[in-house]
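Fold and geometry: a report
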Amino acid sequence: MTDAAASTLDGVSEPEGKTLLSWESRSRRLVTVYLPLICFLIVLLFPFYWMAITAFKPDAELLDYKNNNPFFIQHATFENIRKLLFDTEYPRWLLTTMGVAIGSTFLSLFASVLAAYAIQRLRFRGSTYVGLAIYLAYLVPPSILFIPLATMVFQLGLFDTPAALILTYPTFLIPFCTWLLIGYFKSIPYELEECALIDGATRLQILRRITLPLAVPGLISAGIFAFTLSWNEFIYALAFIQSSEKKTVPVAILTELVTGDVYQWGALMAGSLLGSLPVAIFYSFFVEYYVSSLTGAVKE
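Residues numbered from 1 in each chain as written. Predicted model: local features only at pLDDT ≥ 70, side-chain atom pairs only at ≥ 80, totals over all residues. Heavy atoms only, no water.

Looking now at the overall build of the protein. Counting its secondary structure elements, the protein contains 16 helices and 4 strands. Expressed as a percentage of the 300 residues in the protein, the buried residues total 34%. Of all intrachain contacts in the protein linking residues separated by at least 6 positions in sequence, the fraction that spans at least 24 positions is 71%. Carbon and sulfur atoms provide 69% of the accessible area of the protein, an area that totals close to 18000 Å². (Helix = DSSP H or I, 4+ residues; strand = E, 2+ residues; numbered from the N terminus. Buried < 20%, exposed > 50% of the residue type's maximum accessible area, 1.4 Å probe, protein only. Contact = heavy atoms within 4.5 Å. Areas by Shrake-Rupley, 256 points an atom, 1.4 Å probe, with all protein chains shown as cover.)

Okay, structure coming up:
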């Protein structure tokens, strides 16, 4: 058998066979990977695209779909953004929301770290059931906790203040953050802490100098979760805040930009778009830590 005959299989030469396999591989990857990914991105990003084009559309173009394409902008305008920033209290709403989200996030992380470390590392009797009970508390609907929390807020004189939100948001942030950190603390080798205990270190020193530096991805993941939920929370912010200037962004853009049955769609979408940017920026800085926390990666 000659080399030419050996390089031929069923009438297809070796270079042609490689080309055919390569084409089949690309086609399979296109159908199984890229096409579903493109569909997912379209579904995921379309609301942001719609908010963006609505924020820059004039009212005449926005309300006249017969003569204007609803998916494109023909005459862009900054009037909606100018109205939102200068004719409303939106900058103050944004600062209030930022302060509430940061305050409740730090408070929740502080309590969650102590609770998760105690449950996972101290190994007291019934620690497993305590961890399960804390997670089950996250499953309690906020509407059930609303009445007792409202009573406490009124009794403490915190009604219509951002402090009411900072103190009530941890009721649904701490359970999930604690459960998340318990799982992450499990991936940290306990031998490191045993060596520190032999050397005379206290539990607080071990937590501060060994455990927390190794748990940075888990802390960032829990922080992103807490910050996002605090930023987007609606029920408590609607119930506990009445003054217009003290409202958070999710509540304010719905209650202050709707007059009767007239919806100011341009300003509404501009407020929603600007309100989503801080969370997106915050997430973009820590996306690598967030992914590593989901995989439980800890370098020994």
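Anyway, onward from the coordinates.
This part takes up the nonpolar core. Inside soluble globular proteins, nonpolar side chains tend to come together where they are buried. Ranked by internal contacts, the top residues of the largest apolar core, which has 34 residues, are Leu165, Tyr169, Leu181, Phe185, Tyr236 and Phe240. For this core, the elements supplying multiple residues, two or more each, are helix H5 (90–121), helix H7 (142–155), helix H8 (162–168), helix H9 (170–186), helix H11 (203–214), helix H12 (216–232) and helix H13 (235–240). Among the elements that make up this core, the one with the highest residue count is H9 (8 residues). When near neighbours in sequence (up to four residues on either side) are disregarded, Leu181 contacts Ser112, Val113, Ala116, Gly218, Leu219 and Ala222. Tyr90, Trp93, Ala267 and Leu268 belong to the second-largest nonpolar core, a separate cluster that totals 13 residues. (Core = buried A, V, L, I, M, F, W, Y, C linked by side-chain atoms within 4.5 Å.)

Closest axis-to-axis distance for the helix H10 (residues 190–198)/H11 pair is 10 Å, and the angle between their directions is 150°. With respect to each other, H10 and H11 are oriented roughly antiparallel. Viewed along their axes, H10 and H11 form a crossing whose handedness is right-handed. Contact with H10, carried on its side by Tyr190, Leu192, Glu193, Ala196 and Leu197, involves Arg203, Ile206, Ile210, Thr211 and Leu214 of H11 and no other residues of that element. Partitioned by chemical class, the residues of the contact of H10 with H11 number 7 nonpolar, 1 polar and 2 charged. (Axes fitted to C-alpha atoms, helices over the stretch in contact; angles between N-to-C directions. Parallel < 35°, antiparallel > 145°, perpendicular 65-115°, else oblique. Left-handed = near helix turned anticlockwise from the far one by under 90°. Nonpolar A, V, L, I, M, F, W, Y, C, P; charged D, E, K, R; others polar.)

Next up on the list: the environment of Thr178. Structurally, Thr178 can be placed in helix H9. Look at Thr178 and you get buried, because its relative accessible area is 0%. For Thr178 and Ile134, which are 44 residues apart along the polypeptide, the C-alpha to C-alpha distance reads 7.6 Å. Contact partners of Thr178, with chain neighbours within four places excluded, come to Ser112, Ala115, Ala116, Ile119 and Ile134.

It is worth spelling out the environment of Thr255 at this point. Looking at the secondary structure, you find Thr255 in helix H14 (residues 249–255). Distance in space between the C-alpha atoms of Thr255 and Ser244 is 8.9 Å, their sequence separation being 11 residues. In this structure, Thr255 is in contact with Leu238 and Lys247, ignoring residues within four places of it in sequence. Reaching out from Thr255, the side chain makes a polar contact with the side chain of Lys247 at a distance of 3.1 Å. A polar contact of 2.8 Å, which involves the side chain of Thr255, links it to the backbone oxygen of Val251. (Polar contact = N/O pair within 3.5 Å; in protein donor to acceptor, adjacent residues only side chain to side chain.)

Let's shift gears to the pattern of salt bridges. Within this structure, the stated rule accounts for 5 salt bridges. In this structure, Arg203 and Glu193 form a salt bridge, with 3.5 Å as the shortest nitrogen-oxygen distance. Of this pair, Arg203 sits in helix H11 while Glu193 sits in helix H10; the two residues are 10 residues apart in sequence, bridging distant segments of the chain. You can call Arg203 partly exposed: its relative accessible area is 27%. Two residues, Glu256 and Lys247, come together in a salt bridge whose shortest N-O distance is 2.9 Å. (Salt bridge = Lys/Arg side-chain N within 4 Å of Asp/Glu carboxyl O.)

This part is about the environment of Phe227. Looking at where Phe227 falls in the secondary structure, it is placed in helix H12. On the basis of relative accessible area, Phe227 is assigned to the buried category, the value being 5%. As a C-alpha pair, Phe227 and Gly103 span 124 residues in sequence and 9.2 Å in three-dimensional space. Other than its neighbours up to four places away in sequence, Phe227 contacts Met98, Ala101, Ile102, Thr105, Val279 and Phe282.

What follows is about the packing of aromatic side chains. Each aromatic ring pair is described using two quantities: the centre-to-centre distance and the angle formed by the ring planes. For the structure on display, the rule yields 15 aromatic pairs. Aromatic side chains Trp50 and Phe71 sit 5.8 Å apart centroid to centroid with 70° between the ring planes, which places their arrangement in the edge-to-face category. One end of the pair, Trp50, is in helix H2 (residues 14–55); the other, Phe71, is in the loop between helix H3 (59–63) and helix H4 (79–86), with 21 residues separating them in the sequence. Given a relative accessible area of 39%, Phe71 falls into the partly exposed group. A ring pair is formed by Phe172 and Tyr236, whose centres lie 6.1 Å apart and whose planes are at 45°; its orientation type is tilted. A residue pair is termed long-range when its members are at least 10 positions apart, and Phe172 in helix H9 and Tyr236 in helix H13 qualify at 64 residues. For Phe172, a relative accessible area of 13% gives the class buried. (Phe/Tyr/Trp six-rings, centres within 6.5 Å; stacked < 30°, edge-to-face > 60°.)

All quantities given are derived from atomic positions and should not be read as evidence of function.
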